[in-house]
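The lines below spell out each chain.
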Amino acid sequence: MYANDGHSPMLTLHAGSRVEVQEMEQTRPVYYAEPPVAAGNATPRVIQSVTWGWLPFLSCLAAGGLLYIASAYSAARTDLWWATPVSWLGFLTILVPLAIRLASAAPQRNERIGLVLLLGLCLYGAKVLHSPLNFTFSDEPVHLHNVNKIVANRHLFLHDNSVLPVTPSYPGLASITAALVVTAGLSPFVAGLLVIGAARLVISLALFLFWEHISRSARIAAVASVLYTANSNYVFWSVQFAYESLALPLATLVIYAITRREGLRSGPDRLGFSLTALLALAAVVVTHHMSSYALVGFLIGLTAITLIATGGRWLELASFAMMAVGMSLIWLVLQASVTIDYLSPVLSGAVRSVYRLAAQRETSQRQLFQSSAVPVSITWEPLVGLGSVLLILVGLPVGLFIIWRRYRREPFPLLLAGAALAYPGMLAFRLTSAGWETSNRSSAFLFVGLAFVLALAFVQIWSWRRAGPLIRAGLVGCVAVLFVGGIIAGWPPYIRLPRPYLVAGMRPIEPQGLTAARWAYAFLGPGHRIATDNSNARLMQTYGDQYTFAGQKYGNQLLVQATRIARGEHEILRLMNVDYVVFDRRRVSWNAMIGVYFDRLENGEIPSADLFEPEVVANFDHQPRVSRLFDSGNIAIYDVRALRDETDQ
Amino acid sequence: MKPTSNQLRLRRLRGILLFMLTVAAAFYAPTRTMLIALLILVVPGYCITSAMFTPQALGFWERLLFSVGLSLVTGALGGLVLDWTPWGLQAGSWAALFIGVSLAAGLIGVFRHGWRSLRIPLRVPETGIVEVSLFGLALALIGVAVGIGRMPTSQTGLQGYAVMWIQPTDGQHVRVGVQSSEFSATSYRLAVVLDTRTLEEWPTISLQPGQAWETTVELPTTLTGEQPVEAILYRVAVPGQVYRHVKWWPQQRSP
């Protein structure tokens, strides 16, 4: 690589600590492409040999970690006890060696970026290995339905999504996936994996380059990249086939393009970065609501800090912020007004819940550092979760102090410090059931700041003159605790490991819900209105092409779980105008995360405590003129049109 | 600067690879598919980057970021553009969009900055036998991991199932079907009854896993609609226990 020509912001050495100078010596000649050299230019070009460094060896280790994870998942499908510890071993085999190498001052910049990408893509590989044959996370069938309908309709907005009505209004993810399906002939599953994999590459690179640009250190950026994996959604949620998994990486692309633009005074490249930012901003707006609103918040915050703290060129940033506000508002009003109905109950519920908690009136307090989806019995997990929060609270002041010392006149680091400070505040939401999801979902955004602040503290301590092997080992241990704590806080153990899928002879055996959905499509035809539970609603919509009701809305749950059909149930039938009821006798079917799988049996039967009471199970069987058209053992499909029409009369 | 022997080897290798890929794409569908996917996820963004930036503005990693990022942006926003056209989002219109954007942006890049704008600013590190072996080993390990991940689950502690259905074809006939998703071949007994009268009975229906069986049953002409037609399935191995049960009320509409 060639030495930089010196006018790039990257090579403006900051008056700073020994750490930074040492860092620049290691990573100096690499940032931009080869500069043009005028004829007769006497300036010598420094040529540094480019090597792979430890990348090949660490690739092997990371692949070994994936092998552990695959073995653990395989064991989990067979319900073997060692699945959980081996899965943790696999994750740490990927993380720890990479963290150690990235924390040291030795690697060249190229090696660092290679390792950061290796880390991001290997952790994505862990999610792919979790569900290697089909999309199984709760939101994935919802978005798969959108892709299927776009491919079938050849238009973006001609279909409904009864499970998540807001999703067709944000077609960015479905659009690019459908493009791969129709042009390359890929299945929607493989196309989705490719799109999300590309998005993971984008977010890994964009965040690294962003942090590197504002810290002027590839090492700090690399450590921040490692710490970012500790956000509670990084390993599973942020790489599921859902709109946020594409929008957040595009949002980081916007941020990086604006950051690079701010480093240039003028010229064609400044325009190039502006256009890149605007195009990516538009893509974020049409892909995901919360990501676009978070980006609006980021840009407004950046403008305000630039104006107040640094007195820099805030007017152009303000114009970006205004454009972001304008695009989001236009999209909201013209295309996605349903977003308000979708988001307002979630956000207001979270705020109300925290307010009630503060007033000591909240009754739905939850156990900390566990996902709210399923109860957990693993005792050490809350301790690690608590430990990770304590480490964040300890590291935060150190990182903030460094920001104050080195970057207090620079808007980007100050903004990231603000995001990092907001993180402990959002933890309060985790104390309540209603606020848990809001807090959990915000971590992917706030960790952009938090990881940077913690990375400053980490590198400072690592480079401390007295820091021996013990202290450094302790630091790596802290990273491991943060990472494990993040997974614990965001994803319950019951779904961290995959569920069984089966083959008899050469044929796959699908879960009953999937068979029921395919049967409904083939025998009932598409487009019927079906009342059911949360799991079967997703399957019936995606694989059965039905219009489904799930959850409590319109009294759906009251109807499906009724013990008798009285006036209230008649009213609900009429209100929803339901053709069929799909009833699953397993209680777990109301949990969209785990309700679609095979069940483990005790003495050849599903434990009776896991089933609904007999009077609930038999309710529709006792109704005259209600045909029971399908029976798979757990699932029955009832034709309730006669009952509904009686109600009408 | 004179290229090193390693660079020359690399150029030759790149040429051979390109040739092999072209041949494979022409004759082997999966290679073609993967190439098209790569073209969608990288090329449009690469060409847009060439048009928007001077060649020396971006290093390799930035170029990679903007190429993939702007390709995703093209796919996300391109859908909106195609949605407004009469052709909508079909293979031809998508291909026209991606090729059109790539060609137009590439030409702008060449017009503004010359052919250099399309060059990939990459210097591959010196690669010896150790590096190749280690990367090969990593790929092999990932292959084994994927293989393990796709292995089916042991059936211990799990239970197969069978599904049964009933469907009216008209007022006088119903279709009754059974599909086995058991783990091994299973025999069933099926009875179709109206009130207390058995209309038809099949003492043994043997099904392999995944196999389905269906029949049409003729109903009596004296149906009143006061009683449902019921189909009851038993496993031959457990004769006294109803395994599946479906019913249809006459005079009800078909789907």
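That block above? That's the structure.
Residues numbered from 1 in each chain as written. Chains lettered and ligands numbered in written order. Predicted model: local features only at pLDDT ≥ 70, side-chain atom pairs only at ≥ 80, totals over all residues. Heavy atoms only, no water.

1. Observations regarding the overall build of chain A
Next up, step 1: Along its length, chain A carries 24 helices and seven strands.
Next up, step 2: Burial analysis of chain A (649 residues in total) assigns 63% to the buried set.
Next up, step 3: Here the analysis covers contacts within chain A between residues at least 6 apart in sequence; of these, 74% occur between residues at least 24 apart.
Next up, step 4: Accessible area for chain A stands at about 23800 Å²; split by element, carbon and sulfur atoms hold 62% of it. (Helix = DSSP H or I, 4+ residues; strand = E, 2+ residues; numbered from the N terminus. Buried < 20%, exposed > 50% of the residue type's maximum accessible area, 1.4 Å probe, protein only. Contact = heavy atoms within 4.5 Å. Areas by Shrake-Rupley, 256 points an atom, 1.4 Å probe, with all protein chains shown as cover.)

2. Concerning the interface of chain A and chain B
Frequently, the measure chosen for interface size is the accessible area removed from exposure when the parts meet.
Next up, step 1: At the junction of the two partners, chain A supplies 114 residues and chain B supplies 99 residues.
Next up, step 2: Here chain A and chain B share an interface that buries about 9000 Å² over both sides, 67% of which is from carbon and sulfur atoms.
Next up, step 3: Three residues, Trp52, Phe523 and Arg625 of chain A, lead the burial of chain A against chain B; their summed loss comes to 7% of the area buried on that side.
Next up, step 4: For the pair chain A and chain B, the interface holds one salt bridge. (Buried area = accessible area lost by both parts, 1.4 Å probe. Salt bridge = Lys/Arg side-chain N within 4 Å of Asp/Glu carboxyl O.)

3. Considerations on a nonpolar patch on the surface
Next up, step 1: A surface patch of nonpolar side chains, about 500 Å² in accessible area, is lined by Leu10, Leu13, Leu17, Ile120, Leu122 and Val124 of chain B.
Next up, step 2: Along the polypeptide, Val124 of chain B turns up in the loop between helix H4 (91-113) and helix H5 (129-149). (Patch = residues over 30% accessible without salt bridge, like charges linked within 9 Å, V, L, I, M, F, W, Y side chains within 5 Å.)

4. Focus on the nonpolar core
Next up, step 1: Formed by 228 residues in total, the largest nonpolar core has its most connected members in Phe91, Phe210, Trp211 and Tyr228 of chain A together with Leu72 of chain B.
Next up, step 2: Tallying contributions element by element places helix H7 (residues 188-215) of chain A first for this core, with 18 residues.
Next up, step 3: Ala531, Leu573, Trp590 and Phe612 of chain A belong to the second largest nonpolar core, which has 20 residues in total. (Core = buried A, V, L, I, M, F, W, Y, C linked by side-chain atoms within 4.5 Å.)

5. Details of the packing of helix H2 (residues 29-52) of chain B against H4 of chain B
Residues and elements named next belong to chain B.
Next up, step 1: At a closest axis distance of 7 Å, the pairing of H2 and H4 adopts a crossing angle of 30°. The orientation of H2 with respect to H4, classified from their angle, is roughly parallel. Between H2 and H4 the crossing geometry is left-handed. Only Phe98, Val101, Ser102, Ala105, Gly106, Ile108, Gly109, Arg112 and His113 of H4 make contact with H2, whose side of the interface consists of Ile40, Val43, Pro44, Cys47, Ile48, Ser50, Ala51 and Met52.
Next up, step 2: Taken together, the residues of the contact of H2 with H4 sort by class into eleven nonpolar, five polar and one charged. (Axes fitted to C-alpha atoms, helices over the stretch in contact; angles between N-to-C directions. Parallel < 35°, antiparallel > 145°, perpendicular 65-115°, else oblique. Left-handed = near helix turned anticlockwise from the far one by under 90°. Nonpolar A, V, L, I, M, F, W, Y, C, P; charged D, E, K, R; others polar.)

6. What to know about the packing of H7 of chain A against helix H15 (residues 411-427) of chain A
Residue and element names in this part refer to chain A.
Next up, step 1: For the pair H7 and H15, interaxial distance at closest approach is 9 Å and the crossing angle is 120°. The angle between H7 and H15 places the two elements in the oblique class. The element H7 and its partner H15 pack so that their crossing is left-handed. Here Phe210, Trp211 and Ile214 of H7 come into contact with H15, specifically with Phe412, Pro413 and Leu416.

7. Re the packing of aromatic side chains
Residues and elements named next belong to chain A.
Next up, step 1: Counted under the stated rule, the structure contains 34 aromatic pairs over all chains.
Next up, step 2: Look at Phe137 and Phe236: their rings are 6.2 Å apart centre to centre, the planes differ by 65°, and that puts the pair in the edge-to-face class. Of this pair, Phe137 sits in the loop between helix H4 (109-130) and helix H5 (140-153) while Phe236 is found in the loop between helix H8 (218-228) and helix H9 (243-262), placing the two residues 99 residues apart along the sequence. Like Phe236, Phe137 is buried.
Next up, step 3: Ring pairing ties together the aromatic residues Trp88, Phe91, Trp380 and Phe483, which thus form one cluster. (Phe/Tyr/Trp six-rings, centres within 6.5 Å; stacked < 30°, edge-to-face > 60°.)

8. Quick notes on the side chain of Ser589 of chain A
Next up, step 1: When you line up the elements, Ser589 of chain A lands in the loop between strand E5 (580-584) and helix H23 (614-617).
Next up, step 2: At 3.5 Å, the side chain of Ser589 of chain A forms a polar contact with the side chain of Asp533 of chain A. (Polar contact = N/O pair within 3.5 Å; in protein donor to acceptor, adjacent residues only side chain to side chain.)

9. Side note on the side chain of Asn556 of chain A
All names here are of chain A.
Next up, step 1: Looking at the secondary structure, you find Asn556 in helix H21 (residues 556-560).
Next up, step 2: With relative accessibility at 0%, the residue Asn556 sits in the buried group.
Next up, step 3: A polar side-chain atom of Asn556 sits 2.9 Å from the main-chain carbonyl oxygen of Gly551.
Next up, step 4: With near-sequence residues (within four places) excluded, Asn556 lies in contact with Ala531, Thr532, Phe549, Ala550, Gly551, Ile572, Met576 and Trp590.

10. A look at the pairing of strand E5 (residues 212-218) of chain B
Residues and elements named next belong to chain B.
Next up, step 1: Burial along E5 is one-sided: the residues Trp213, Thr215 and Val217 are buried and none of Ala212, Glu214, Thr216 and Glu218 is.
Next up, step 2: In terms of strand pairing, strand E2 (residues 173-181) meets E5 through seven bridges, oriented antiparallel. Looking at E5, one finds that Arg175 is bridged to Thr216. (Pairing = 2+ DSSP bridges.)

11. Overview of the environment of Ser71 of chain B
Next up, step 1: Relative to the elements of secondary structure, Ser71 of chain B occurs in helix H3 (residues 60-84).
Next up, step 2: Spatially, the C-alpha atom of Ser71 of chain B lies 5.3 Å from that of Leu41 of chain B, the residues being 30 residues apart in sequence.
Next up, step 3: If we skip the residues at most four places from it in the chain, Ser71 of chain B touches Ile176 of chain A together with Ile40, Leu41, Val42, Val43, Pro44, Gly45 and Phe66 of chain B.

12. Examining the pattern of salt bridges
All names here are of chain A.
Next up, step 1: Considering all chains together, one arrives at 22 salt bridges over all chains under this definition.
Next up, step 2: Between Arg101 and Glu111 there is a salt bridge, with its nearest N and O atoms 2.6 Å apart. Pair noted here: Arg101 is in helix H3 (residues 83-103) and Glu111 is in helix H4, with a separation of ten residues, a long-range link.
Next up, step 3: Note on Arg101: relative accessible area 12%, which makes it buried.
Next up, step 4: A relative accessible area of 4% places Glu111 in the buried class.
Next up, step 5: Linking Asp639 and Arg641 is a salt bridge whose minimum nitrogen-to-oxygen distance equals 2.8 Å. For the pair Asp639 and Arg641, a shared accessibility class is recorded, and that class is buried.
Next up, step 6: One salt-bridge network, in which partners are shared between bridges, spans Arg261, Glu262, Arg270 and Glu316.

13. Here's the deal with the environment of Leu343 of chain A
Residue and element names in this part refer to chain A.
Next up, step 1: Among the structural elements, Leu343 can be located in helix H13 (residues 338-358).
Next up, step 2: For Leu343, a relative accessible area of 11% corresponds to the buried category.
Next up, step 3: A sequence separation of 160 residues divides Leu343 from Thr183, and the C-alpha atoms of the two residues are 35 Å apart.
Next up, step 4: Apart from the residues lying within four places of it in its own chain, the contact partners of Leu343 are His289, Met290 and Tyr293.

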